[in-house]
Amino acid sequence: MRRFAALLVVPLAVLLAACSSGSGSSGGGSPTTTAPSPVEVPSPVASADPMPTVSGSFGSKATITLPDAKPSGQFVVSTVSEGNGATVAKNDWVTVNYTAKDWTTGKDLPSSYDQGSKPQLYQAGSGGLVPAFDQSVVGQKVGSRVLVVAPPAAAFGSQGNSALEIGKDDTVVFVLDIVQDVPPDATITGTISEPPANMPQVTDNGKAAPTITVPSGQAPPTDLQTFVLVKGDGKEVTSGQTLLVQYTGVTWADGKQFDSSWSHGGAQALQVGTGSLIKGWDQALVGQTVGSRVMLVVPPALGYGDKASGSIPANSTLVFVIDILEAV
């Protein structure tokens, strides 16, 4: 992550409960998201003999039935049922539910449909995840259920996954339900409600960072200020969720931009309400709705306090415009 994002956001610790070549875990015994050691990944095919069968409908935990035969060793990506939503492109942010089974042992693996679990948000085709997830969703449509047969090279590599008791030679079967797709240049649109005249003003620039103009000669407020510029009609943000956002930040003192998601690849994922963000973000974003554009004026006590942070001077009041694109 870039300078400001590195200060604001902790990296996503979990993409998927069954998605790591390492044996580390991130709460509840779920492995972290590191991709396996580099190996040559076979090109995916649409089918191979033998094939598992899948029952159950999109949006519910799949039942995976394994054939009474060894896997072919091929990397299979097969569309079980096709949705009618947007097509996932490389580097889009996708929200996915999953069911998984170890073909070699017949053992069921953790699922996002299990109690206490949730859909997972990640960037498709970014190269940082196991190919079973990184590659399999690209080109698929939202609303699709996809069967993935992943030999070791497309799953957990030569190390396996000790946390899930997956051996180095195990083939893993995944069923992926593609719930949502958000391009990295997505932004919130709609009629903007202007903030009060003594507060910063915002100019929309389409698929580019908005312009934030701080009022000249105006002393900054001493308390956290939150202004909903566009009210979204999506679900309410709750503490502990992963948010997908576009953001731009300027300092009140001189109006200079110190960081923006637009300047380094577009939408960013972060976790809210757990102390991994500055306090002003945690306090202001929990309770907002997906699809909203909000402006925050964050006093030093809820930002970086009396310590400088990169180009942000000590005791700075910060102004952010944040587009809440998704919450998982």
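Here we summarise the structure given alongside this text. (Residues numbered from 1 in each chain as written. Predicted model: local features only at pLDDT ≥ 70, side-chain atom pairs only at ≥ 80, totals over all residues. Heavy atoms only, no water.)

Considering the pattern of salt bridges
What counts here: Take a side-chain nitrogen of Lys or Arg and a carboxyl oxygen of Asp or Glu: if they are within 4 Å of each other, that pair is a salt bridge. Strands here mean DSSP runs of E at least two residues long; helices mean DSSP runs of H or I at least four residues long; both are numbered from the N terminus. The classification of residues rests on relative accessible area computed with a 1.4 Å probe and restricted to protein chains. Under 20% of the type maximum is buried, over 50% is exposed, and intermediate values are partly exposed.
By the definition in use, this model includes 10 salt bridges. The partner of K61 in a salt bridge is D114, and the shortest N-O contact between them spans 3.0 Å. Here K61 is found in the loop between strand 1 (53-55) and strand 2 (63-65), whereas its partner D114 is found in the loop between strand 5 (108-109) and strand 6 (120-123), with 53 residues between them in sequence. What makes K61 partly exposed here is its relative accessible area of 42%. According to the relative accessible area criterion, D114 is partly exposed, its value standing at 26%. Across the pair K168 and D169 runs a salt bridge, and its minimum N-O distance is 3.3 Å. Look at D169 and you get exposed, because its relative accessible area is 57%. One network of salt bridges, with partners in common, ties together D204, R293 and D323.

Here we look at the pairing of strand 4 (residues 93-102)
Test applied: Strands were regarded as paired on the criterion that DSSP finds at least two bridges between them.
Counting buried residues along strand 4, 10 of its 10 residues qualify, which places the element largely inside the surrounding structure. Here strand 4 shows no split at all, with W93, T95, N97, T99 and K101 on one side and V94, V96, Y98, A100 and D102 on the other all buried. Pairing between strand 4 and strand 6: four bridges, direction antiparallel. If you follow V94 over to strand 6, its bridge partner there is Y122. Looking at chain direction, strand 4 and strand 8 (residues 172-182) are connected through 10 bridges and run antiparallel. If you follow V96 over to strand 8, its bridge partner there is I178.

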